[in-house]
Amino acid sequence: MKNPDVLIVGAGPTGLLLAAELTLAGVPIIVVDQALRRSGQSKALTIQPRSAEILHSRGLLEQLLDEVVERLPAGHFAGLEVPLEYASWETRFPCQLGIPQARIEEHLEQHLATYGVQVARGLTLTGLTQDDDGVLAEFDGGTTIRAGWVVGCDGGRSAVRKLSEIAFPGRDGRFSAVVADVVVADNRPGPRGWELPSLVPREGAVMSILPLGDGVYRALFTGPDQQGLTGEVTFDEVARALTGWYGDEVVLQELRWGSRFTDAVRQAAQYRKGRVFLAGDAAHIHSPTGGQGMNLGLQDAFNLGWKLAAYLKDGVDLLDSYHAERHPVGAAVLANTRAQGVLMVPDDDVACLREIFVELMQLPSANKWLTGLVSGLGVRYELPGEHALTGQRMPDLDLGTTSVADLLRAGRHLRLELSDWAEAARVVVRPDGYVLWAADEPAAEWPEFAGAGQALTVRSKASAAAVTPDSERSFAAR
Ligand SMILES: Cc1cc2nc3c(=O)[nH]c(=O)nc-3n(C[C@H](O)[C@H](O)[C@H](O)COP(=O)(O)OP(=O)(O)OC[C@H]3O[C@@H](n4cnc5c(N)ncnc54)[C@H](O)[C@@H]3O)c2cc1C
């Protein structure tokens, strides 16, 4: 194998999107994974609005849209009854898109294959040594790869993180739970729909079951029987849990797969150590509450990809800004999952907190803020500049025959002259869709930014005031 500029360890959603970003920029990479084949299993089931936006801005979403199981028009916070209203944000995707993680991984891997990039499978990382010029990676069985840079996208137990001796502070899980995809004989009355986790545990137990289509259900449960268990999830364990909850109305027929998870929260102290980076679960773990983990990883990859490419292609060094921008975003997600965990505690005092929280969530500004937190739409980076848009995500404005997302497809900076957008007259947008600079005066001089030399300049006299929701499929016709 020829030495790559970048070695990506781990072909989960994070590693595959990073690979797609670097490939788009023409950076030589190798992606390795210990698994001989994709598992086909999906922990995550939905794409949050911000992740939908970033995938769309590279043309990576359209094919998946045809396979959306369900569009969830609202999110939840700690399962409380007031919905999180995505529509309060100016987004083309005001919903969670129900697409299983396995399908996203398969799609990204197929996309990479069109560029001739195949995941090198059956390679388990066991050693990592870096010097001034590069990193030597060693794998089980004796294979070695020397690369300029290594990105650990190898999940919560990341070997890259451990071998690089990057601290992973936080706390262990307080409970252990099971996720299982099952086929059941379901004799319950009433319509089926997506259900939120139950907030009313019975004797210290919680069960949530939701349909995935084709007769398959996703069961999530925890109870006294699950605590302290570490072994494989068995058919009997799942059958017992289902019967305990539903009696004879739900009878387990087949266990497709099962796994254990906890509410452990940990975050890498450094997202970069010399020539090694961490992204996705390798950099942060937390409970699945709110469906944020995969989305956070995709957005890590999207932040790091163009910066690594800018360094390798143009010698522009923005690499430290990856930790500076993404560590606080990860910390905020960890914090919100912990807060949700507290709100879900079955306790009379916490019930009072829930009541207050429900009142607060009905205030439009509070609801919008929480929605932005969980969906990723509220991420704002600390960038220099006075304008209110600086550091915010650029809305995917309709620009006549094109749109901001269409223009971002090449992964380049944009210089936009917008003749009738109320927010600004001139905007510089980064390849990851965040506003680097904005001005209200149409004649404002474009500033020079490192890495923005290849920017695409676009003047739009068209109505630049709207973002059409994807349900109207406006972009499909373009
Ligand atoms: C029950 C449950 C439900 C969830 N639901 C959601 C949800 O609805 N929405 C959401 O956004 N997130 C959800 N998540 C979280 C989400 O699944 C993870 O955040 C996501 O898988 C992280 O992706 P990743 O690519 O960073 O890591 P992973 O998906 O863990 O991929 C890591 C890859 O690295 C490989 N690897 C590991 N070690 C090595 C090694 N030493 N050498 C080589 N390769 C290695 C692995 O084989 C794997 O392919 C859920 C998680 C759980 C447990």
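Predicted, not measured: the structure shown is a model, and the values here were computed from it.

Turning to the site of the ligand, a few remarks are in order. Taken together, the neighbourhood of the ligand is formed by 29 residues, with D33, Q101, D281, M294 and N295 sitting nearest. One nitrogen or oxygen atom from the main chain of Q34 is found 3.0 Å from a nitrogen atom belonging to the ligand. Within the contact set of the ligand, an oxygen atom lies 2.8 Å away from a backbone nitrogen or oxygen of M294. Among the secondary structure elements, those contributing two or more residues to the shell around the ligand are α1 (13-24) and α7 (293-314). Among the elements that take part in the shell around the ligand, α7 stands out by supplying 3 residues, more than any other. Looking at the shell around the ligand residue by residue, the classes come out as 13 nonpolar, 12 polar and 4 charged.

Okay, helix α2 (residues 49-56) next. Judged by how many residues are buried, α2 sits mostly within the fold: 8 of 8 residues are covered. When we look at burial in α2, the residues that qualify are P49, R50, S51, A52, E53, I54, L55 and H56.

Every second residue of strand β25 (residues 426-429) is oriented toward a common face, with R426 and V428 on one face and V427 and V429 on the other, all of them buried. Relative to β25, strand β24 (residues 414-418) is paired through 4 bridges, and the arrangement is antiparallel. What sits directly across from L414, in β25, is V429.

Time to look at the sheet that holds strand β9 (residues 125-130). Taken in spatial order, the 3 strands of this open sheet run β9-β10-β11, and their pairing is antiparallel. Of all the strands in the sheet, just β9 and β11 (144-147) have a single pairing partner and so form its edges. Pairwise comparison of adjacent strand axes, ignoring direction, gives a mean angle of 15 degrees for this sheet. Relative to β11, strand β10 (residues 135-139) is paired through 4 bridges, and the arrangement is antiparallel. Following the sheet pairing, E138 is matched in β11 by T144.

As for its placement among the helices and strands, L343 is situated in helix α8 (residues 320-343). Each C-alpha atom, one on L343 and one on P384, is 36 Å from the other, the two residues being 41 residues apart in sequence.

We now examine the nonpolar core. By size, the foremost hydrophobic cluster in this structure holds 68 residues, and its most contacted members are L7 and L97. Counting 19 residues, the second-largest nonpolar core is a separate cluster that includes V233, V238, W245 and Y246.

A word on the pattern of salt bridges. Taken as a whole, this structure holds 24 salt bridges when the rule is applied. For E109, the salt bridge goes to R38, with nearest N and O atoms at 2.7 Å. A residue pair is termed long-range when its members are at least 10 positions apart, and E109 in helix α4 (residues 101-114) and R38 in the loop between β2 (29-33) and β3 (46-47) qualify at 71 residues. With a shortest N-O distance of 2.9 Å, D131 and R146 are connected by a salt bridge. Placement of D131 in the loop between β9 and β10 and of R146 in strand β11 is noted, with a sequence separation of 15 residues between them. Overall, R146 belongs to the partly exposed group, its relative accessible area being 28%.

Right, let's get into the packing of α7 against α8. Their axes nearest at 10 Å, the elements α7 and α8 cross at an angle of 170 degrees. Here α7 is positioned roughly antiparallel relative to α8, judged by the angle of their axes. Each of L296, Q299, D300, N303, L304 and K307 in α7 lies in contact with α8, whose residues at this interface are S321, Y322, E325, R326, V329, G330 and V333. Residues belonging to the contact of α7 with α8 are distributed by class as follows: 5 nonpolar, 4 polar and 4 charged.

Once that is clear, we can look at the domain arrangement of the protein chain. When its domains are assigned, the protein chain resolves into domain 1 (6-170 + 266-373), domain 2 (176-262) and domain 3 (392-459). Computed over C-alpha atoms only, the centres of domain 1 and domain 3 are separated by 25 Å. Tallying the contact residues gives 19 residues for domain 1 and 19 residues for domain 3. Summing the contributions of domain 1 and of domain 3, the shared interface buries around 1,600 Å²; its carbon and sulfur component is 45%. By the criterion of area lost to domain 3, the three top residues of domain 1 are R50, R92 and W306, representing 33% of everything that side buries. A salt bridge links R430 to E325, with the nearest nitrogen and oxygen atoms 2.9 Å apart.

This next bit is on the environment of L72. Position of L72 relative to the elements: it lies in strand β4 (residues 71-72). Judged by its relative accessible area of 16%, L72 is buried. When the C-alpha atoms of L72 and Q96 are compared, they prove to be 4.9 Å apart, with 24 residues separating the residues in sequence.

Conventions used here
- Every chain is numbered on its own, with residues counted from 1 as its sequence reads.
- Reporting in this predicted model follows two pLDDT cut-offs: at least 70 for local features of residues, and 80 or more for side-chain atom pairs to be given and counted; totals over whole chains, interfaces and linings ignore these cut-offs and use all residues.
- With hydrogens and water set aside, each side-chain value is computed from the structure's full complement of heavy atoms.
- Throughout, near means a residue has at least one heavy atom within 4 Å of the molecule or strand.
- Side-chain atoms alone can form a polar contact between residues adjacent in sequence; in general such a contact is a pair of N or O atoms within 3.5 Å, and within protein one must be able to donate a hydrogen while the other accepts it.
- By definition, any uninterrupted DSSP run of H or I lasting at least four residues is a helix, any uninterrupted run of E lasting at least two residues is a strand, and each is numbered from the N terminus.
- Residues are grouped as follows: Ala, Val, Leu, Ile, Met, Phe, Trp, Tyr, Cys and Pro are nonpolar; Asp, Glu, Lys and Arg are charged; every other residue, Gly included, is polar.
- The rule is simple: take the accessible area with a 1.4 Å probe, protein chains only, and divide by the maximum for that residue type; under 20% is buried, over 50% is exposed, in between is partly exposed.
- Pairing between two strands is assigned when DSSP locates at least 2 bridges connecting them.
- To define axes, lines are fitted to C-alpha atoms, for helices over the stretch in contact only, and angles between the resulting N-to-C directions are given on a 0 to 180 degree scale.
- Among buried residues, the Ala, Val, Leu, Ile, Met, Phe, Trp, Tyr and Cys ones that are joined through side-chain atoms within 4.5 Å form a nonpolar core.
- Take a side-chain nitrogen of Lys or Arg and a carboxyl oxygen of Asp or Glu: if they are within 4 Å of each other, that pair is a salt bridge.
- Note that the term roughly parallel is reserved for angles under 35 degrees, roughly antiparallel for angles over 145, roughly perpendicular for angles of 65 to 115, and oblique for everything else.
- The contact criterion used throughout is that any non-hydrogen atoms of two residues lie within 4.5 Å.
- Boundary definitions for the domains trace back to an automatic or database domain assignment.
- In this description, buried area is defined as the sum, over both parts, of the accessible area (probe of 1.4 Å) that is lost when the two are combined.

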